[in-house]
Amino acid sequence: MLRPHPAVLRRLVDDYESALAGEPADGTPSPRARDLAYTLCVSTGTRDVRLALEAARHWLAAAPAPEHPTPVAVGD
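This section reports on the structure supplied with the text. (Residues numbered from 1 in each chain as written. Predicted model: local features only at pLDDT ≥ 70, side-chain atom pairs only at ≥ 80, totals over all residues. Heavy atoms only, no water.)

### Focus: the overall build of the protein chain
Let me state the cut-off plainly: Secondary structure elements follow DSSP: runs of H or I no shorter than four residues count as helices, runs of E no shorter than two count as strands, and numbering proceeds from the N terminus. Each residue's exposure class comes from its accessible area (1.4 Å probe, protein chains only) as a fraction of the maximum for that residue type: buried when under 20%, exposed when over 50%, partly exposed otherwise. Residues are treated as being in contact if the distance between any of their heavy atoms lies within 4.5 Å. Residue burial considers only the protein chains on display, and all accessible areas are found by Shrake-Rupley using a 1.4 Å probe.
Summing up its helical and strand segments, the protein chain has three helices and zero strands in all. If you list the helices and strands of the protein chain from N to C, you get α-α-α. Residues counted as buried form 26% of the 76 residues belonging to the protein chain. A separation of at least 24 residues holds for 52% of the contacts in the protein chain among residues at least 6 apart in sequence. Surface accessibility of the protein chain: about 5900 Å² in total, with carbon and sulfur atoms responsible for 58%.

### What to know about helix 2 (residues 31-44)
We count it as follows: Helix span is expected to be 1.5 Å times the residue number reduced by one. Throughout, the arc means the angular range of directions from the helix axis out to the C-beta atoms.
Here helix 2 spans 20 Å end to end across 14 residues, near enough to the 20 Å set by a 1.5 Å rise per residue. If you check which residues of helix 2 are buried, you get Ala33, Leu36, Ala37, Leu40, Cys41, Ser43 and Thr44. An end-on view of helix 2 places all buried positions within 165° of arc, on one side of the element. Opposite the buried face of helix 2, by more than 90 degrees, sit the exposed residues Pro31, Tyr38 and Val42. Buried positions along helix 2 lie against helix 1 (6-21) and helix 3 (49-62). Of the residues one or two after helix 2, Gly45 is the one with positive phi, at around 70°.

### A short note on the nonpolar core
Side chains that are nonpolar tend, in soluble globular proteins, to be buried together. Selection criterion: Each nonpolar core is a collection of buried residues, namely Ala, Val, Leu, Ile, Met, Phe, Trp, Tyr and Cys, held together in the definition by side-chain atoms within 4.5 Å.
Ranked by size, the top nonpolar core spans 15 residues in total, and within it Leu9, Val13, Tyr16, Leu36, Leu40 and Leu53 carry the most contacts. Counting residues per element, the ones that place at least two in this core are helix 1, helix 2 and helix 3. The contacts of Leu9, once residues within four sequence positions are left out, are Pro4, Leu40, Thr44, Ala56, Trp59 and Leu60.

### Here's the deal with the packing of helix 1 against helix 3
Heads up, the condition is: Simply put, an axis is a line fit to the C-alpha atoms, just over the touching stretch for a helix, and the angle between two N-to-C directions goes from 0 to 180 degrees. Convention used here: angles under 35 degrees read as roughly parallel, angles over 145 as roughly antiparallel, angles from 65 to 115 as roughly perpendicular, and any remaining angle as oblique. Crossings are sorted by hand: turned counterclockwise from the far helix by less than a right angle, the near helix makes the crossing left-handed, and turned clockwise it makes it right-handed. Put simply, Ala, Val, Leu, Ile, Met, Phe, Trp, Tyr, Cys and Pro go in the nonpolar bin, Asp, Glu, Lys and Arg in the charged bin, and everything else, Gly too, in the polar bin.
The contact between helix 1 and helix 3 brings their axes to 10 Å, and the two run at 140°. By the angle between their axes, helix 1 is oblique relative to helix 3. Here helix 1 runs over helix 3; the crossing is left-handed. Side by side, helix 1 and helix 3 meet where Pro6, Leu9, Arg10, Val13, Tyr16 and Glu17 of the first sit next to Val49, Leu53, Ala56, Arg57, Trp59 and Leu60 of the second. Residue composition of the contact of helix 1 with helix 3, by class: nine nonpolar, no polar and three charged.

Shape descriptors only; they carry no functional weight alone.
Shown next as structure tokens:
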């Protein structure tokens with residue numbers, strides 16, 4: 001199975017958690033939260049957002065640290 005790039009997966013998890021934080025108290029998910037849940041499920045090959053988050057966190061923990069580009073000196 002193909003896996004999403006760790007940076008993309010991290011953003012999906014972060015955006016989903018942010019969307020949940022802004023949810024109404026009645027527990028009705030916003031359209032944004034539903035869309036992100038669906039995308040997480042598709043990205044992780046699951047059908048339940050709880051399992052998708054579990055898989056995403058597992059994959060992110062195993063992913064190599066992100067590479068930061070080396071700064072280039074101007075004028076060299």
